[in-house]
Amino acid sequence: MLNPRRRIRVNLTPGFLLLAGILLYLDQKIGILIWGILASTCHELGHVLAARRFGGRAEVLSLTVTGAELSFIYPRVLSYGAESLIALAGPAVNLLIGAVSLYFRGHLVAMTNFVIGLFNLIPIMPLDGGRILYNLLCEWTDVLVSERVMSACAGVFIGVLFGVGLIAAIHYANIVLLILAGWMLAGTLRKQNIFSPK
């Protein structure tokens with residue numbers, strides 16, 4: 001029986017402080033950081049509500065160089081389908097808020113939520129899209145094949161992003177895509193244990 005009153009443990013790493021500094025620097029002339037934080041909060045709340053539907057609760061909030069990540073515990077082992085629904089809940093909340101905001105002409109709120117929602121659906125770890133694809137692959141094939149496919153997806157996507165980012169840095173002095181590629185690489189490496197042979 002899970003204790004619903006148990007507090008969530010928060011792990012804060014130096015990498016998160018570095019990430020926060022980079023975001024503040026990039027946001028100097030844009031001013032959407034606060035909306036990004038609110039959209040991210042709604043995103044995580046979507047995961048929490050979905051996890052509670054399956055009897056789970058948040059146990060650890062990890063703030064790392066790859067952003068915020070909630071870890072849940074459950075009273076039983078979840079099916080791949082249930083895990084996919086929980087992963088999908090976060091982006092779904094962002095897309096719903098984005099659609100409603102767009103209807104009421106809240107373009108900045110809509111854009112922020114659309115970007116966060118769609119970005120998290122990219123099918124590589126540690127993003128929600130990667131979790132969904134991994135669970136679907138495990139339903140259709142064995143775990144080893146699923147891990148190899150996920151590693152290949154991550155390598156191709158990050159490689160392409162790094163290449164485009166390098167071109168942007170050389171020709172336009174814009175390093176945003178390079179930072180994004182490094183962020184994704186860091187997140188993939190943190191999840192390397194998922195792809196290790198069992």
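In what follows, the structure referred to is the one given above.
Residues numbered from 1 in each chain as written. Predicted model: local features only at pLDDT ≥ 70, side-chain atom pairs only at ≥ 80, totals over all residues. Heavy atoms only, no water.

Let's shift gears to the overall build of the protein chain. When its secondary structure is counted, the protein chain shows 8 helices and 3 strands. In sequence order, the secondary structure elements of the protein chain are arranged as β-α-α-β-β-α-α-α-α-α-α. Of the contacts made within the protein chain by residues no fewer than 6 positions apart, 62% connect residues no fewer than 24 positions apart. For the protein chain, the accessible area works out to roughly 12,000 Å², and carbon and sulfur atoms hold 70% of it. (Helix = DSSP H or I, 4+ residues; strand = E, 2+ residues; numbered from the N terminus. Contact = heavy atoms within 4.5 Å. Areas by Shrake-Rupley, 256 points an atom, 1.4 Å probe, with all protein chains shown as cover.)

Below, the discussion takes up the side chain of Asp128. Of note, Asp128 is situated in helix 5 (residues 128-140). The buried charged residue Asp128 lacks any salt bridge, with Arg131 as its nearest oppositely charged partner at 4.1 Å. Not counting chain neighbours up to four residues away, the residues in contact with Asp128 comprise His43, His47, Ala87, Pro91 and Asn120. (Buried < 20%, exposed > 50% of the residue type's maximum accessible area, 1.4 Å probe, protein only. Lys, Arg positive; Asp, Glu negative; His and termini not counted. Salt bridge = Lys/Arg side-chain N within 4 Å of Asp/Glu carboxyl O.)

Counted at 1.5 Å a residue, the expected span for helix 2 (residues 33-53) with its 21 residues is 30 Å, and the 31 Å between its end C-alpha atoms agrees. Along helix 2, the residues that are buried comprise Gly36, Ala39, His43, Glu44, Gly46, His47, Ala50 and Ala51. Down the axis of helix 2, the sector holding all buried residues measures 140°, keeping them to one side. Turned more than 90 degrees off the buried face of helix 2, the exposed positions are Leu49, Arg52 and Arg53. Positive backbone phi, at 85°, marks Gly55, one or two positions downstream of helix 2. (Expected span 1.5 Å × (residues − 1). Arc of directions from axis to C-beta.)

Turning to unusual backbone geometry, a few remarks are in order. Its identity is not glycine, yet Arg105 carries a phi of approximately 65°, on the positive side. Note on placement: Arg105 falls in the loop between helix 3 (80-103) and helix 4 (107-119).

Everything listed here is a matter of geometry and, on its own, says nothing about what the molecule does.
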